[in-house]
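Structure at a glance
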Amino acid sequence: MPAVPLIGRLSFREYVALVFGFTLLALESVLHVTILFLPKPVINWFYRRSRALFYGFSPHVKDRSQEKKICDRILNAKDFGDLCALHGYTHEEHVVLTKDGYLLGLHRLPSKKGEKKSNPGTSTGKPVVYLHHGLLMNSEVWVCLTEAERSLAFVLVEQGFDVWFGNNRGNKYSKKSIHHGPNTTKFWDYSIDDFAWHDIPDSIQYILDVTKVSKLSYIGFSQGTAQAFAALSIHPQLNEKVNVFIALAPAMSPAGLAAPIVDALTKASPNVLFLFFGRKSILSSATMWQSIIYPPIFAQLIDISLIWLFNWRSVNISTNQKIAAYAHLYSFASVKSVVHWFQIMRNSVFQMYDDDVLSPVVRTSVSSYRPARFPTRNIVTPIVLLYGDSDSLVDIEVMMDQLPEHTVARRLHSYEHLDILWGRNVHHDVIPEVLNALDRFKELPAEHVANGKAGS
């Protein structure tokens, strides 16, 4: 049975918020179950009504731009392969078995636009780059841009890299284990610790085995950076396999959320999330709501949520890009991994998951217990941080204090969190910085250097 947080340490305002939250969740659950039993024509009717509502309350000018056309195609793309095909790329799919039994889907773009590798699943002789997504995401976030020149992944392919994409356990492409089914609580019993101990190092080793190179370059976004910080800090040997770690919108120990009540409630008792969402997947009904709400309305709901939770205004991302990308934004993640983040924010340190959470009431100045911390100052791999100075989740001074002295930080003026992925000017502000860092640290296979060229 889940442990009930100590409600007594909540203020009256937080207690009211807790009750209100339970009420909303109960209502959402009732609606969810009801919708599951509705016939398809009724669901389609709700979709058409939401579209009519959108046009009725907002000024509408027919958008016939090329961006709108590609936006609609991205919106309707079913998976990673469809998204790549829209821009003329052929992908590969791979599966890696972690040491604790999870099957993780990996994607790969080995060849330039319009080209197709004749012998898939083998070395290309190119330098290798590994991209890893953030919290509640999957690999699609790298390739759902309305312009190929703004997609870091596609630019890297055109620059001659063998590009790989990771996926966390539990998400759309990694919802399988040889030990537990996804409908069991045990399947979802994982945190950032498990990403660091297994998902990241096992994925990297698989990629090195296939590509026959000794090192690769790692590019993470948001939680994808936290997973690398953690993995590199606890696996000394992993540092020998990564020639540079480029952290986009880096996450390590965020100060908190912009919504005061939510921030105070979750920090006072991170385990309260287990009461709200259970011990399996968090926000699992999001895909259902996405399917019945007209996309521009869904995008506006996401915008409102981002403003409320993080104070992100997303003004650097075009409306069409939001509509296209938000359709591929959400993927499944465990409630426990989100609880882990609130433990980190509560204690203001990048720590491992705390299985023995103590109330502040029983803590003294000399505590008999301290959760283990990730020893991030021990990281040997070169680190390059690219952060937005308008990103509420990044406190660069605190972060730099927890990282080794060789860490380099690059500030992106007026950028927020998601802007670094999908902003209008990422091809001017972000991608050149990434290419410069890769050029400084990339290592080519010996046979590539000898031949003076890379295979397709």
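Residues numbered from 1 in each chain as written. Predicted model: local features only at pLDDT ≥ 70, side-chain atom pairs only at ≥ 80, totals over all residues. Heavy atoms only, no water.

A look at the pairing of strand β4 (residues 162-165)
Note the cut-off: Partly exposed describes any residue whose relative accessible area lies between the buried limit of under 20% and the exposed limit of over 50%, with all areas from a 1.4 Å probe on protein chains only and scaled to the type maximum. Helix and strand definitions here come from DSSP, where helices need a minimum of 4 consecutive H or I residues and strands a minimum of 2 consecutive E residues; each element is numbered from the N-terminal end. A pair of strands counts as paired when DSSP detects no fewer than two bridges linking them. By convention a crossover is right-handed if, when the strands point away from the viewer, the path from the first strand over the helix to the second runs clockwise.
Burial along β4 is two-sided: Asp162 and Trp164 and Val163 and Phe165, pointing in opposite directions, are all buried. In terms of strand pairing, strand β3 (residues 128-132) meets β4 through four bridges, oriented parallel. Bridge pairing links Tyr130 to Trp164 in β4. Taking the sense of rotation as the criterion, the β-α-β connection linking β3, helix α5 (residues 152-158) and β4 turns out right-handed.

Remarks on the packing of aromatic side chains
This is how it is decided: By convention, a stacked pair of Phe, Tyr or Trp rings (six-membered ring in the case of Trp) has centres within 6.5 Å and planes under 30 degrees apart, an edge-to-face pair has planes over 60 apart, and any other such pair is tilted.
All told, the structure shown has 16 aromatic pairs when counted by the stated rule. For the pair Phe80 and Phe165, a centre-to-centre distance of 4.9 Å together with 65° between the ring planes defines the contact as edge-to-face. With Phe80 in helix α4 (residues 80-86) and Phe165 in strand β4, this pair connects stretches of sequence that are 85 residues apart. Within the aromatic cluster, the residues linked to one another by ring pairs are Tyr102, Phe187, Trp188, Tyr190 and Phe195.

Quick look at the confidence of the model for the protein
Spelled out, the test is: pLDDT gives the predictor's per-residue confidence on a scale running from 0 to 100. By definition, residues are in contact when any of their heavy atoms lie within 4.5 Å.
Looking at the protein, pLDDT values average 87 and 83% of them are 70 or higher. When the criterion is pLDDT under 50, residues 1-6 qualifies, and its contacts beyond four places in sequence or with other chains add up to eight contacts. Taken together, the stretch residues 444-456 has pLDDT below 50 and engages in 19 contacts with residues farther than four places along the chain or on a different chain.

Brief notes about the pattern of salt bridges
Filter applied, for reference: Each salt bridge in this description consists of a side-chain nitrogen of Lys or Arg and a carboxyl oxygen of Asp or Glu lying within 4 Å of one another.
Applying the stated criterion across every chain, the model contains 13 salt bridges. For Arg108, the salt bridge is made with Asp162, and the minimal N-O distance between the two is 2.7 Å. On the criterion of sequence distance, the pair formed by Arg108 in strand β2 (residues 103-109) and Asp162 in strand β4 is long-range, its members being 54 residues apart. Just as Arg108 is buried, Asp162 falls in that class too. One salt bridge in this structure joins Asp303 and Lys322, with 3.1 Å as the shortest N-O distance. Here Lys322 lies in helix α12 (residues 319-326) and Asp303 lies in helix α11 (residues 295-310), a separation of 19 residues in the sequence. Across this residue pair, the class does not change: Asp303 and Lys322 are buried.

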